[in-house]
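If you want the building blocks of each chain, they are given just below.
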Amino acid sequence: HVFQLLHDFHQTSDGCLLAVHHRLIVLALDQEAVQEKEGGMSSTLFTSKLLWGPELEARNNQIVEIADGLIVSVRPGSQEEADHILPSGQVLMPGMVDCHSHLALDARLPSHLGLMEDSEAKQTIRALKVLQDNLRAGITGLRSVGDRYYLDVLLRDMIEQGSLEGPWLQVAGIGMKGLHGHGYV
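**Q** Please give an account of the pairing of strand 10 (residues 168–171) that cites residues and values.
**A** Strand direction decides the pairing type here: strand 9 (residues 139–144) and strand 10, joined by four bridges, are parallel. Bridge pairing links Ser144 to Val171 in strand 10. Regarding topology, helix 2 (residues 151–161) serves as the crossover connection from strand 9 to the parallel strand 10, and that connection is right-handed.

**Q** Please give an account of the sheet that holds strand 8 (residues 96–101) that cites residues and values.
**A** Where strands meet in a sheet, backbone hydrogen bonds hold them as pairs that are either parallel or antiparallel. Pairing in this open sheet of three strands is parallel, and the strands run 8-9-10 from one edge to the other. Among the strands making up the open sheet, the edge pair consists of strand 8 and strand 10. Taking each pair of neighbouring strands and ignoring which way they run, the sheet shows an average axis angle of 15°. When strand 8 meets strand 9, the two strands line up parallel, connected through four bridges. Within the sheet, the bridge partner assigned to Asp98 lies in strand 9 and is Leu142. Those strands touched by helix 2 are strand 9 and strand 10, and its axis lies near 145° from that of strand 10.

**Q** Requested: an account of the environment of Asp106, with residues and values cited.
**A** Within the element layout of this structure, Asp106 appears in the loop between strand 8 and helix 1 (120–136). Overall, Asp106 belongs to the buried group, its relative accessible area being 8%. The spacing of Asp106 and Val130 is 24 residues in sequence and 7.0 Å in space, taken between C-alpha atoms. With sequence-adjacent residues up to four places away left out, Asp106 is seen in contact with His112, Arg126 and Val130. Here the side chain of Asp106 touches Arg108 through a polar contact of 2.8 Å, side chain to side chain.

**Q** An account of the pattern of salt bridges is requested, with residue identities and associated values reported.
**A** What the rule picks out here adds up to eight salt bridges. With a shortest N-O distance of 3.4 Å, Arg148 and Glu117 are connected by a salt bridge. Within this pair, whereas Arg148 is found in the loop between strand 9 and helix 2, its partner Glu117 is found in the loop between strand 8 and helix 1, the two being separated by 31 residues in sequence. Judged by relative accessible area, which is 21%, Arg148 ranks as partly exposed. Residues joined by salt bridges that share partners form a network here, namely Asp106, Arg108, Lys129 and Asp133.

**Q** Provide a residue-level description of unusual backbone geometry, including the pertinent values.
**A** Phi angles above zero are rare outside glycine, and Asn61 is one such case at about 50°. Locating Asn61 in the fold gives a position in strand 5 (residues 57–67). One non-glycine residue, Tyr150, lies in the positive phi region at around 55°. Relative to the elements of secondary structure, Tyr150 occurs in the loop between strand 9 and helix 2. Classification of Tyr150 by relative accessible area gives partly exposed; the value is 46%.

Reading guide: rules and limits
- Residues numbered from 1 in each chain as written.
- Predicted model: local features only at pLDDT ≥ 70, side-chain atom pairs only at ≥ 80, totals over all residues.
- Heavy atoms only, no water.
- Pairing = 2+ DSSP bridges.
- Helix = DSSP H or I, 4+ residues; strand = E, 2+ residues; numbered from the N terminus.
- Right-handed = clockwise from strand over helix to strand, strands pointing away.
- Axes fitted to C-alpha atoms, helices over the stretch in contact; angles between N-to-C directions.
- Contact = heavy atoms within 4.5 Å.
- Buried < 20%, exposed > 50% of the residue type's maximum accessible area, 1.4 Å probe, protein only.
- Polar contact = N/O pair within 3.5 Å; in protein donor to acceptor, adjacent residues only side chain to side chain.
- Salt bridge = Lys/Arg side-chain N within 4 Å of Asp/Glu carboxyl O.

Everything listed is a geometric property; what it means functionally is a separate question.
Rendered as structure tokens:
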């Protein structure tokens, strides 16, 4: 599951105020383990090691409070205070963002560029696998810079509607290139 804290701001050296979206991935926490509390779903998670903030500051013995899919607080605490405990030795960290991706293009496959000529159905199946593999690897945000058949747009919408689990997507739709550019999408 991916949880996010939307209300964290920091100021850059040139004075700009940036919203920081901290997204944590917790694959071990199943949906039934999140408890219904007044007004919505809520749970607490203890981790002995947490990397947090823009500098990935290491924090020990932290409680992460989650309500309605959002991280509402991170504070020092003990195992006794938490609904769930991450196993010792595991580190909870913000999800990573892949800034250049094509969902239907999987470089792990032989002759992967030629696979861009596959049918819409085959590209869709490959894109679904790529989304799931990325999420399991800790990619909680992904910028798709172009996919045929508007696959990235369709999958983004399905994720936003809750009918598909995957990373947050920023999408381009069908790729375009300049006269002297390159591209297979």
